[in-house]
Amino acid sequence: MQKRLANWGNYPAIASEESAFTQEDQLRNFVGSHHRIIARGNGRCYGDASLSAQSISMLKYDKVLAFDTTNGILEVQAGVTLDQLLDIIVPQGWFLPVTPGTKYITIGGAVASDVHGKNHHVDGAFSRHIIEMDVITGEDNTLCCSQTEHADLFWATCGGMGLTGIITRVKFRLKKIATAYIRQTQLKARNLEEVIRLFDEYKHYTYSMAWIDCLQQGDTFGRSILIVGEHATPEELSPRQQQAPLTLPAKRKLVVPFNLPSFVLNTFTVKAFNWLYYHKNYKREMHKVIPYEPFFYPLDAILHWNRGYGKAGFVQYQFVLPLEKKDGLVAILQKISEKGWGSFLAVLKVFGNQDDLISFPMEGYTLALDFPVRKGLLPFLDELDEIVLQYGGRLYLSKDARMKQEVFWKSYPNAQRFADIVQQYNADSKFASIQSERLLLTK
Amino acid sequence: MPTLLLLGAGSDMAIAIARKFAAEKYNIQLAARNAAAISPLQQDLQVRYGITATTHAFDALASDSHAAFFDALSVKPDLTICVFGYLGDQEQAQNSWQEAHTIIHTNYTGAVSILNVVANHYAAQQKGSIVGISSVAGERGRQSNYIYGSAKAGFTAYLSGLRNRLFRSGVHVMSVQPGFVNTRMTQHLTLPPLLTAQPEAVATAVYKGVQRKKNVLYVKWHWKYIMLIIKLIPEGIFKKLKL
C-alpha cells in the first residue's frame, strides 16, 4: 500500500510502497523480486535511514522463538519491539544488555543502528551481546553470521543501517537482575567543567548520562544534571516494592494528541522548561529508588512527544567527539547558545571504547540535541558539522537526515571497508535508503 | 486449562486470536496447511504466555482428511475457531473455474466439512464452542466480490443453522462478521480507516463474544447498520450501483 512515511523526527516524509510479512518464505520471495528496498521497524530512528520508495515493515515479523531462562539467552525475530521483550524478561529476572532511550524500537533496528545506552562505557553497544543472527542478503540467501562465522557480514550489519540485507533473527545475551528497580543518584552540576569532572568521578556506575541546559552563558555555561544508576538489590526496595520486586506498578500514559503549533517552541519556552528541570532538583545530590521505566525511558511516558515539534518536524543532532577534545564540545555549545537555538533535550554521555566497524560510539563525549525544522537550520547544522570534523568527531547515522556525503566519508575511518562489504553482499543495491543514496553507500 | 483449536493459523487475524487466547491462559492447537511455517508462532505463544501450543497439518481443501485430522488430536479442544478463508480474485474467478473452485471450497465446503466433524463431537459430549469467521461480504452479493461473498453467505447460513441445531445440546456457535480488517489479505487495498479493524481488535471482540456466548458478532458496530442499509436497497436500484 502506498503510504506517507516519516520517522520519529517527521522529517523528511516521503511516499513509500510498504509491504509486511509474517513468514520467511514470503519475505524471501519479495526480496528476490524487488529492488531498492529497505527494512523498517517501528520508525523510531529520527531521519531517513529506513526510508525508501519500497519499504518492508518488519513489525509483523515479531515472534519470540526461544528464551533460555537459566542462561539468559533470547532468540527472536527481528520485528519484535523492546517493550514486548521487557514484558517477558523482566518478571523472570532478566534485562536488556543495552537499551536506548526508547523501548519502542525493534530488535532489527537495534542491530542496524547498533544502539548504545547509558551503560556504553561499561557494556559497549548492542552488538557486543549478539551471539548470532540471520540476514537475508542481496544474493537472496539467508546467512547466519556471528563474530566468527561470516564475520565481515556480522560487523557490517551491526550499525550498518540495513544495507547488507534484512535482519530476520537475532540471538543475544541478557543481563541478570534481581529487581525491576534502579537506585538512582542525581547530581547538579553548575557548569560544563563540573559535569565533566563528575562523569569521571562517577564512571564506576553502570548507567550514567546528563541533561544539559544549553542556553546558559558565562559562569553557568553548560549547567546540567548528572544522573547515574545501578540495578537495585531487593534490600534497597521499600517493603511494598519487596513484595513483588520484579513487577512494576501499572501506569497510564500521556499522549500528545496532535502536532503543537510551532510558536509554542521558542527560546522562552525552552528556557522555562530547562529552568524547571534544573531547579526541580532542589538539592545538590538526590538519591532514590525508582522503577526502571522512568529511568531508562523518561520520554516514552509521553507517547508521540515528537508532535511537540509541530508539523514541520525536527532534526536530532547527535555527535561524538574524542575524549581529549572537550574544547570541541565547548565550541559547539557556544555556537548554539549564541544562536539561541537550544533544544528541550540536550543529553550528554561519555562513551567507552569503540568495538566495531561502522557503529557510531567511540571513546569520547556524545551530545544529542533536538532542533525544530525552520528556516536556516540546515546551513547552521552544516556549520556545526565543520566543528565536529575539525575535532575528529562524527554523527550518528540513525539520527541523521541531512549530513553531506563528505562529512560521512571524512569522519568514519572505516567507511571504505564498510562500503566494500556492503558491495559484496548487496552488489545490485537491492537494499537502499534515501540516506544510503545521499551518502553514496549504494548506487 | 481450556484448549483452543485454531483452524487456519497462518493469517494475521489468526495470530492475533492465538495471542489473545494464550494471554487468557488457553492452550492452543495451531492448524495450518504448512505446519512448519507456523512453528515460530507456536514458540512465540509458549515463551510469551507460558502455555502449551502445538502445530498440526491441516488442509481446508482436503475434506477427505478432516475426520482423521480431528481424531488424531490427542487433546480434544473446548473451543474451535475457524479462521481460514481465501479472498481470491473476482475477475479471475469469473473466467477460470480453478480460481472460483478454490474460493468456494476454501470458504464454504472446507469449513463445513471440518466443522461437521467438530460439531458432532461437541453434540455428543453436550458442550463446546464453535466460532466461524465469516464476512459482511456474504450479506449481499456485489459485483466486485460475489464469488467470495456467495461462499461466505453459505458459511453464514451454515453457522446459523448449526447454532439452531446445537442449542439444545448446550453447544455455543458464534458467527463473526469482521468487516474490513487490516491484514495481509487486504494490504493492497485502500480501506476506510473508520471502518477498518486491527486484527487485535477482532481477537479481543472474539474473546469477549465467546465469554458472553454471543450469537452474531460485528467487530465494528457501524457494520451492522451499513449492512442493514445495503440489504434494504431495492434490487432494482442495487443492480445499477457499482459496489
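Residues numbered from 1 in each chain as written. Chains lettered and ligands numbered in written order. Predicted model: local features only at pLDDT ≥ 70, side-chain atom pairs only at ≥ 80, totals over all residues. Heavy atoms only, no water.

## What to know about the overall build of chain B
When helices and strands are tallied, chain B shows nine helices and nine strands. Here the C-alpha radius of gyration of chain B, 18 Å, is about what a compact globule of 243 residues would show, namely 18 Å. Each of the three principal axes of chain B carries a C-alpha extent, and together these read 55 × 40 × 35 Å. Out of the 243 residues in chain B, the part that is buried amounts to 52%. In the form shown here, chain B has an accessible surface area of approximately 11,300 Å², with 55% of it arising from carbon and sulfur atoms. Charge-centre separation for chain B: the mean point of 24 positive side chains lies 10 Å from the mean point of 13 negative side chains. (Helix = DSSP H or I, 4+ residues; strand = E, 2+ residues; numbered from the N terminus. Rg over C-alpha atoms; globule rule 2.2 N^0.38 Å. Buried < 20%, exposed > 50% of the residue type's maximum accessible area, 1.4 Å probe, protein only. Areas by Shrake-Rupley, 256 points an atom, 1.4 Å probe, with all protein chains shown as cover. Lys, Arg positive; Asp, Glu negative; His and termini not counted. Charge placed at Lys NZ, Arg CZ, Asp CG, Glu CD.)

## Structural notes on the sheet that holds strand β1 (residues 3-7) of chain B
Residues and elements named next belong to chain B. As summarised here, the arrangement of the seven strands in space is β3-β2-β1-β4-β5-β6-β9, forming an open sheet in which the pairing is parallel. Edge strands, defined here as strands with exactly one partner in the open sheet, are β3 (53-57) and β9 (216-218). The mean inter-strand angle of the sheet, taken between neighbouring strand axes irrespective of direction, is 20°. Two strands pair when backbone bridges link them, and strand β5 (residues 129-133) and strand β6 (residues 172-177) are joined in this way by five bridges, in the parallel orientation. If you follow Ile130 over to β6, its bridge partner there is Val173. Sitting on the sheet, helix α6 (residues 146-166) touches β4 (79-82), β5, β6 and β9, and the angle it makes with β6 is about 155°. (Pairing = 2+ DSSP bridges. Axes fitted to C-alpha atoms, helices over the stretch in contact; angles between N-to-C directions. Contact = heavy atoms within 4.5 Å.)

## Digging into the packing of helix α1 (residues 12-23) of chain B against helix α7 (residues 199-211) of chain B
Residue and element names in this part refer to chain B. Running from N to C, α1 and α7 point in directions that differ by 50°, and their axes come no closer than 8 Å. Classified by the angle between their axes, α1 and α7 sit oblique to one another. Pair α1 / α7 crosses with right-handed handedness. Where α1 abuts α7, its residues Asp12, Met13, Ala16, Ile17, Lys20 and Phe21 lie against Pro199, Glu200, Val202, Ala203, Thr204, Val206, Tyr207 and Val210. Of the residues assigned to the contact of α1 with α7, the class counts are ten nonpolar, one polar and three charged. (Parallel < 35°, antiparallel > 145°, perpendicular 65-115°, else oblique. Left-handed = near helix turned anticlockwise from the far one by under 90°. Nonpolar A, V, L, I, M, F, W, Y, C, P; charged D, E, K, R; others polar.)

## Some details on the state of the cysteines
Residues and elements named next belong to chain A. A full pass over the atoms with the stated rule returns zero disulfides over all chains. Take Cys144: it sits in no disulfide, and the sulfur closest to it among the cysteines is that of Cys145, at 6.6 Å. Of the cysteine sulfurs around Cys158, a residue in no disulfide, the closest is that of Cys145, at 7.3 Å. (Disulfide = S-S within 2.5 Å.)

## Considering the interface of chain A and chain B
The interface is formed by 18 residues belonging to chain A together with 17 residues belonging to chain B. Both faces combined, the contact of chain A with chain B buries some 1,400 Å², and carbon together with sulfur accounts for 49% of it. Scanning the region where chain A abuts chain B turns up two salt bridges. Two residues, A:Asp62 and B:Arg19, come together in a salt bridge whose shortest N-O distance is 2.9 Å. For the pair chain A and chain B, the number of links is five residue pairs in polar contact (both at pLDDT 80 or more). Contributing elements (two or more residues each) for the side of chain A that touches chain B: β2 (13-20), β5 (64-68) and α2 (82-89) of chain A. Among the elements that take part in the side of chain A that touches chain B, β5(A) stands out by supplying four residues, more than any other. Grouping the constituent residues of the side of chain A that touches chain B by class yields nine nonpolar, six polar and three charged. (Buried area = accessible area lost by both parts, 1.4 Å probe. Salt bridge = Lys/Arg side-chain N within 4 Å of Asp/Glu carboxyl O. Polar contact = N/O pair within 3.5 Å; in protein donor to acceptor, adjacent residues only side chain to side chain.)

## Details of the sheet that holds strand β14 (residues 224-231) of chain A
Residue and element names in this part refer to chain A. Pairing in this open sheet of eight strands is antiparallel, and the strands run β16-β12-β14-β13-β19-β20-β18-β21 from one edge to the other. At either margin of the open sheet sits one strand with a lone partner, and together these are β16 (285-291) and β21 (394-395). Bridge analysis of strand β18 (residues 314-322) against β21 gives two bridges, and the strand direction is antiparallel. Residue pairing in the sheet places Phe319 in a bridge with Leu395 of β21. Here helix α6 (residues 192-201) sits on the sheet and contacts β12 (181-189), β13 (207-212), β14, β19 (346-351) and β20 (364-372); the angle it forms with β12, its principal contact strand, is near 145°. Relative to the sheet, helix α10 (residues 326-339) contacts β13, β18, β19 and β20, its axis offset from that of β20 by approximately 15°.

## Comments concerning the side chain of A:Asp48
Turning to its location among the elements, A:Asp48 is positioned in the loop between β3 (37-40) and β4 (54-57). Dropping the residues within four chain positions of it, A:Asp48 is found in contact with A:Asn7, A:Pro12, A:Asp400, A:Ala401, A:Ser433, A:Ile434, A:Gln435 and A:Arg438.

## Thoughts on helix α8 (residues 222-232) of chain B
All names here are of chain B. Taken together, the buried positions of α8 are occupied by His222, Trp223, Met227 and Ile230. Viewed end-on, α8 has its buried residues packed into an arc of 120°, placing them on one side of the element. Exposed and facing more than 90 degrees away from the buried side of α8 are Ile229 and Leu232. Contacts from the buried residues of α8 go to β7 (180-181), β9 and α9 (235-238). (Arc of directions from axis to C-beta.)

## Details of the pattern of salt bridges
A complete count under the given rule lists 29 salt bridges over all chains for this structure. When the shortest N-O distance is used, the salt bridge between A:Arg402 and A:Asp382 registers 3.0 Å. A residue pair is termed long-range when its members are at least 10 positions apart, and A:Arg402 in the loop between β21 and α12 (405-411) and A:Asp382 in helix α11 (residues 377-390) qualify at 20 residues. Residues B:Glu139 and B:Lys231 are paired through a salt bridge, measuring 3.0 Å at the closest nitrogen-oxygen approach. Of the two residues, B:Glu139 sits in the loop between β5 and α6 while B:Lys231 sits in helix α8, which places them 92 residues apart along the sequence.

## Quick word on the packing of aromatic side chains
Think of a pair of aromatic rings as described by two things: how far the centres are apart, and how the planes are tilted against each other in angle. This structure, assessed with the given rule, holds 23 aromatic pairs over all chains. With a centroid separation of 4.9 Å and 50° between ring planes, the pair formed by B:Phe58 and B:Phe69 is classed as tilted. Taken together, the positions of B:Phe58 in the loop between β3 and α3 (66-72) and B:Phe69 in helix α3 put the pair eleven residues apart, joining distant regions of the chain. By the burial criterion, B:Phe58 is buried, and B:Phe69 matches it. An aromatic cluster of at least three residues, connected via ring pairs, comprises A:Phe95, A:Tyr207, A:Tyr292, A:Phe295, A:Phe296 and A:Tyr297. The positively charged end of B:Lys76 is found above the aromatic ring belonging to B:Phe70, 5.5 Å away from the centroid. (Phe/Tyr/Trp six-rings, centres within 6.5 Å; stacked < 30°, edge-to-face > 60°. Lys NZ or Arg CZ within 6 Å of the ring centre and 35° of its normal.)

## Considering the packing of α10(A) against α11(A)
Residues and elements named next belong to chain A. For the pair α10 and α11, the least separation of the axes is 9 Å and the interaxial angle reads 165°. On the basis of their axis angle, the class for α10 and α11 is roughly antiparallel. Remark: the crossing between α10 and α11 carries right-handed chirality. Taken together, the residues of α11 that come into contact with α10 (itself represented by Gly328, Ala331, Ile332, Lys335, Ile336 and Lys339) are Phe380, Glu383, Leu384, Ile387 and Val388. For the contact of α10 with α11, the residue count by class is seven nonpolar, one polar and three charged.

## Observations concerning the UniProt feature "domain: FAD-binding PCMH-type" (unreviewed entry) in chain A
UniProt feature "domain: FAD-binding PCMH-type" (unreviewed entry): in the numbering of this structure it lies at residues 11-177 of chain A. In the segment residues 11-177 of chain A, helix accounts for 21% and strand for 31%; the C-alpha atoms at its two ends are 38 Å apart. (UniProt positions renumbered as here; feature names shortened; annotations may be inferred.)

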